[in-house]
Structures are given as C-alpha cells and as structure tokens.
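Letter by letter, the chains look like this.
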Amino acid sequence: MIYADSDYQQYVQVLKDELIPAMGCTEPISIALAAAKARETLGHLPDRLIVEVSGNIIKNVKSVVVPHTGGLRGIKAAAAAGIIVGDPSRQLEVLSRVTQEQIAEIGKYLNSVPIEVKHKETPYIFDIMMTAYYGKESAYVRIVEHHTNIVSVRHNDIPLLSEELPPEHTAPPDHAGLSVEKIIEFADCVHIEDIQDILDRQINYNMAIAQEGLLGNYGANIGKTLLAGHENDVNYKMRAYAAAASDARMNGCELPVIINSGSGNQGITTSVPVIVYAQEMQMSHTLLLRALCVSNLITAHLKTGIGRLSAYCGAVSAGCGAAAGIAYLQGGKYDTIAHTVVNALAMDSGIVCDGAKASCAAKIASSVDAGLLGLMMYQHGNQFFGGDGLIKKGVENTISNIGRLARNGMQQTDKEIIRIMLEN
C-alpha cells in the first residue's frame with residue numbers, strides 16, 4: 001500500500017469519518033439533534049412534539065441517562081433537551097453547552113408540553129422523525145441510517161431539505177474496501193501525521209471518561225468491581241478501564257467520548273484496552289497509534305456487514321478489534337491477528353443487544369476478555385477451525401458469516417427484544 005493510492009486515502013478517511021466526538025449515548029443524542037434542528041426550523045419554542053422512531057431507537061434510548069438533564073432518561077427527555085438547549089451545528093455534541101438554569105428549564109418543558117412518542121414501522125433500523133408545532137405552524141426533521149444523516153427538513157410542509165433516502169441495509173461506501181490484511185498493511189505504513197490528531201483525541205477523551213468511571217459511582221460499577229484486588233494485573237486493567245468508561249457514559253457522565261461506527265461503547269471498547277496495554281508495557285506512542293489504526297479499522301470492518309444497530313451486541317466486534325490491536329502491539333502479524341479475530345468471534349457472537357444501559361459495561365468486559373482469550377489461544381497453538389459453528393475458513397469469510405447472522409438471521413430476535421422491552 002503506497003501513500004498516494006486509493007486504499008490508503010480511503011482508510012484515513014474511514015478513521016476521520018468514524019472517530020468523531022459524542023456526548024452521551026448516541027441514539028438519545030440523535031433524537032436531541034433532530035429536536036434542536038426542528039426548533040431552529042420552526043423559529044419558536046414548540047408547544048407540542050411528535051417523535052416517531054424505529055424499534056431500535058426505542059431499545060437504545062429507553063434506559064440510558066441523557067447528559068445535562070439532571071439524570072432524566074428516555075426519548076421524551078432527549079427531545080426536550082434538544083428543544084431547550086440543543087445546538088444542531090454541534091452534531092453529536094448537541095447537548096454539550098448547558099447551564100444549571102437550562103437543566104431546570106428542560107424539566108419544566110418536559111412536564112408542561114405534550115410530547116407524543118410513536119413506534120413507527122419503517123424499513124430502516126435507524127429512523128427518527130421529529131415534528132414540532134407552534135400553533136398552526138410546524139417543522140419536520142428526519143434522520144435515517146446513521147446518527148447525523150438528516151435527510152428531510154420541512155417548514156409548514158415546504159421542503160427545505162430533501163435528500164434521496166438511502167437503500168436499506170447498505171454499507172457505508174468508504175468501508176467496502178476494508179479487509180484485515182489491508183488494515184495491517186495500512187497500520188504498518190501510515191504516515192503518523194495523517195492520523196495522529198484523530199487518534200490522540202481518542203486517547204485523551206476515552207481515557208478521561210475511563211478514569212472518571214473508576215473514580216465516581218456510576219451504574220453497577222463494573223469497572224471498579226473488576227479492578228478490586230487486581231490493580232496491578234494488566235489483563236484486569238484492560239477490561240476494567242473499558243468497563244468503567246461505559247459505566248460512566250451509560251449513567252449520566254457528561255464527558256464526551258470518541259465513537260466508532262456510530263457507538264460510544266464501541267469507540268471505548270476498541271481503544272481503551274489497547275491504550276492501557278501500551279501504557280502499562282511502556283510502548284512507544286507511535287506504536288500505540290499504529291495499533292489503534294488496527295483496532296479501530298477492524299471494528300469498523302466487522303460492523304460494516306452488521307449495520308449500525310441490530311440484535312447483535314456491538315461490543316463483540318469492538319472487543320475483537322481491541323484484541324487485534326493488542327496482538328499488533330505484541331508484534332503479531334496477519335496470521336496472529338486474523339486468528340485472534342476468528343477465535344473471538346467463535347466465542348462471543350451470541351451476545352444480544354437489549355439496548356443502552358448499565359449492563360453494557362459488563363458486556364464490554366466479556367467481549368474484551370473473549371478477544372484476549374482468542375489471542376492467547378493462538379499464541380499457545382490453539383484455534384477454532386472452519387466448520388466449527390459459524391466459523392468458516394478464512395477470516396474474511398468468517399466476518400461475512402457473522403454479518404449475515406446479525407443483519408439477516410437476527411431480525412426476528414431484534415423484534416422480540418423490542419416487544420419484551422416495551423412490556424417493561
């Protein structure tokens with residue numbers, strides 16, 4: 001891979017596109033973005049809201065704390081926050097600039113203005129339709145397929161923006177050429193200045209929220225629980241720091257994270273274990289940046305066939321990515337990294353996604369553990385073989401199988417999970 005070729009430029013662009021900052025769980029933040037854009041379009045404080053969303057949005061917003069709301073949860077809280085304090089120009093940091101007085105205003109608005117939430121049957125797994133009213137005036141905003149993809153804006157039924165709807169279940173165009181072999185080749189040859197700012201920001205943001213998770217009291221405190229009595233064991237520290245970051249993020253911490261493939265938990269999982277390992281082993285910063293290229297791009301590669309949201313837990317893909325990055329730090333080449341990914345996928349591909357909430361931190365710890373075990377297996381001459389369940393000969397064939405399982409095979413599982421959650 002040479003610096004000027006299309007693969008090289010594509011891989012740099014994937015990192016730029018996927019590793020972006022977000023404050024709070026990305027699905028409620030996307031609702032807040034739609035609400036903020038609707039208010040901006042309306043030009044008034046709405047006196048009524050209708051929020052129509054796909055089932056996966058309900059699943060991922062139901063139980064998670066919306067940042068800068070004083071601990072409020074759910075779709076209505078996210079919409080109210082976007083209306084009162086949201087700045088749509090800040091994208092997934094739409095709620096990042098909030099005062100204590102404004103937090104009180106969010107609560108008052110939520111309690112005084114009708115906000116109707118509807119489960120919308122839609123061909124898109126990710127779909128948010130926000131309609132804001134002020135008397136007889138209205139504004140409509142629709143976000144489809146990913147968190148900032150505003151495809152429609154209307155004011156009083158007059159189109160201000162009307163993008164062609166994307167085909168269903170399509171991979172992002174810049175991800176089509178990803179492969180494990182090329183990712184490793186890219187990491188080996190990348191000009192550090194091309195990716196340093198992107199990855200340094202990931203290191204700073206995601207380690208800051210991990211440290212906050214270990215200091216504070218968030219959710220079920222999975223990170224603290226893992227670390228207790230194992231403070232000097234790097235294998236525990238990798239899992240604990242990643243889990244602690246999710247503890248904080250899922251339970252109201254207002255620090256931003258750098259996401260991967262639309263998810264903060266995936267951004268945490270694919271990066272924090274790699275950073276912890278490199279720091280504990282006193283490895284060079286340049287080597288860490290190359291390893292983060294591996295971990296982030298393999299996570300994005302795995303997620304391409306699955307989609308942004310599904311019944312398949314995204315932490316599994318990110319745990320594979322993290323283990324691949326650690327293998328790279330240890331000097332592992334293609335064979336080691338490919339077998340690590342396959343081994344990890346063979347172990348943890350049954351974990352389902354039942355929405356964003358405190359237990360995500362435990363699933364992250366489990367996924368990182370599976371990745372580390374997959375690496376250790378190969379280092380000791382052990383592996384899973386093609387024909388073992390979903391595993392097929394060749395890492396790319398196995399990745400394709402997992403994408404097929406998550407995208408197609410688990411559609412009914414996803415619907416049943418959403419039905420169960422709506423009963424609670």
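Let me sum up the structure you'll find in this document. None of the values given here were measured: they were computed from a predicted structure.

### What to know about the pairing of strand β6 (residues 150-155)
Piece 1. Relative to β6, strand β5 (residues 137-144) runs antiparallel, the two sharing 5 bridges. Bridged to Y140 within β6 is R154.
Piece 2. Hairpin remark: β5 followed by β6, antiparallel, with 5 residues in the connecting loop; positive phi at E145, about 75 degrees.
Piece 3. As defined by bridge partners, β6 adjoins strand β7 (residues 158-162) across 4 bridges and the pair is classed as antiparallel. Bridging across to β7, H155 finds its partner in I158.

### Quick word on the pairing of β7
On a regular strand, each side chain points to the face opposite its neighbour's, so the side chains alternate between the two faces of the sheet.
Piece 1. Burial analysis of β7 places just 0 of its 5 residues in the buried class, a small minority of the element.
Piece 2. Here β6 hands over to β7 after 2 residues, with N156 in that stretch at a positive phi of 50 degrees.

### Observations concerning the nonpolar core
Piece 1. Core analysis: the biggest nonpolar cluster contains 136 residues, and I31, M130, F186, I195, I298 and L345 have the highest contact counts within it.
Piece 2. The biggest single contributor to this core is helix α11 (residues 285-306), with 11 residues.
Piece 3. What I31 contacts, discounting residues up to four positions off in sequence, is I57, V61, I75, A78, A79, I128 and M130.
Piece 4. With 5 residues, the next largest nonpolar core counts C25, V64, A356 and C360 among its residues.

### Focus on helix α14 (residues 360-379)
Piece 1. For α14, with 20 residues, the first-to-last C-alpha span of 29 Å sits near the 28 Å given by 1.5 Å per residue.
Piece 2. G381 occupies a position one or two residues after α14 and carries a positive phi of about 80 degrees.

### Here's the deal with unusual backbone geometry
Piece 1. You will see that E145, though not glycine, has its phi angle at about 75 degrees, which is positive.
Piece 2. Located in the positive-phi region is N156, a residue other than glycine, with phi close to 50 degrees.
Piece 3. Within the fold, N156 resides in the loop between β6 and β7.

### Some thoughts on the sheet that holds β5
Piece 1. With respect to topology, 6 strands assemble into an open sheet ordered β3-β2-β4-β5-β6-β7, the strand pairing being mixed. The open sheet has two edge strands, β3 (115-119) and β7, and neither has a second partner. In this sheet, neighbouring strand axes are inclined to one another by 10 degrees on average, regardless of whether the strands run parallel or antiparallel.
Piece 2. As paired elements, strand β2 (residues 48-53) and β3 share 5 bridges and run parallel to each other. Opposite I50, over in β3, you have E116 as the bridge partner.
Piece 3. Its contacts with the sheet place helix α2 (residues 26-42) against β4 (127-134), β5, β6 and β7, and it is angled at close to 35 degrees to β4.

### Quick notes on the environment of F384
Piece 1. Tracing the backbone shows F384 in the loop between α14 and α15 (395-409).
Piece 2. Considering only alpha carbons, one finds F384 and L345, 39 residues apart in sequence, at a separation of 9.8 Å.
Piece 3. Aside from chain neighbours lying at most four places away, what touches F384 is V342, N343, A346, M347, M377 and I391.

### With respect to helix α4 (residues 75-85)
Piece 1. Counting buried positions along α4 gives 10 out of 11 residues, so the element sits mostly inside the fold.
Piece 2. All of the buried residues along α4 are I75, A77, A78, A79, A80, A81, G82, I83, I84 and V85.
Piece 3. Its buried side turned inward, α4 meets α2, β2, α3 (55-61), α5 (100-112), β3 and β4.

### A few points about the packing of helix α7 (residues 192-215) against α11
Piece 1. Direction vectors running N to C along α7 and α11 enclose 80 degrees, while the axes themselves pass 10 Å from each other. By the angle between their axes, α7 is roughly perpendicular relative to α11. For the pair α7 and α11, the contacting residues are I192, I195, Q196, L199, D200, Q202 and I203 in the first and H285, T286, L288, L289, R290, L292, C293 and N296 in the second.
Piece 2. Tallied by class, residues from the contact of α7 with α11 come to 8 nonpolar, 5 polar and 2 charged.

### A few points about the environment of N265
Piece 1. Inspection of the secondary structure assignment puts N265 in helix α10 (residues 264-280).
Piece 2. Placed 24 residues apart in sequence, N265 and Y241 show a C-alpha to C-alpha distance of 12 Å.
Piece 3. Side chain to side chain, N265 and R249 meet in a polar contact 3.2 Å long.

### A word on the pattern of salt bridges
A side chain with one charge can pair with a side chain of the opposite charge if their charged atoms come near.
Piece 1. This structure, assessed with the given rule, holds 10 salt bridges.
Piece 2. In this structure, the salt-bridge partner of D354 is K363, at a minimum N-O distance of 2.7 Å.
Piece 3. Look at D354 and you get partly exposed, because its relative accessible area is 28%.
Piece 4. For K363, a relative accessible area of 17% puts it in the buried group.
Piece 5. Put simply, D354, K357 and K363 are held in one network by salt bridges that share partners.

### Brief notes about the side chain of R142
Piece 1. Mapped onto the elements, R142 comes out in strand β5.
Piece 2. Taking relative accessible area as the criterion, R142 reaches 15% and is therefore assigned buried.
Piece 3. Polar side-chain contacts of R142 include one of 2.7 Å to the side chain of D127.
Piece 4. Excluding anything up to four places from it in sequence, R142 contacts T122, Y124, D127, I128, M129, N149, I150, V151, S152 and L165.

So, how was this worked out
Residues numbered from 1 in each chain as written. Predicted model: local features only at pLDDT ≥ 70, side-chain atom pairs only at ≥ 80, totals over all residues. Heavy atoms only, no water. Pairing = 2+ DSSP bridges. Helix = DSSP H or I, 4+ residues; strand = E, 2+ residues; numbered from the N terminus. Buried < 20%, exposed > 50% of the residue type's maximum accessible area, 1.4 Å probe, protein only. Core = buried A, V, L, I, M, F, W, Y, C linked by side-chain atoms within 4.5 Å. Contact = heavy atoms within 4.5 Å. Expected span 1.5 Å × (residues − 1). Axes fitted to C-alpha atoms, helices over the stretch in contact; angles between N-to-C directions. Parallel < 35°, antiparallel > 145°, perpendicular 65-115°, else oblique. Nonpolar A, V, L, I, M, F, W, Y, C, P; charged D, E, K, R; others polar. Polar contact = N/O pair within 3.5 Å; in protein donor to acceptor, adjacent residues only side chain to side chain. Salt bridge = Lys/Arg side-chain N within 4 Å of Asp/Glu carboxyl O.

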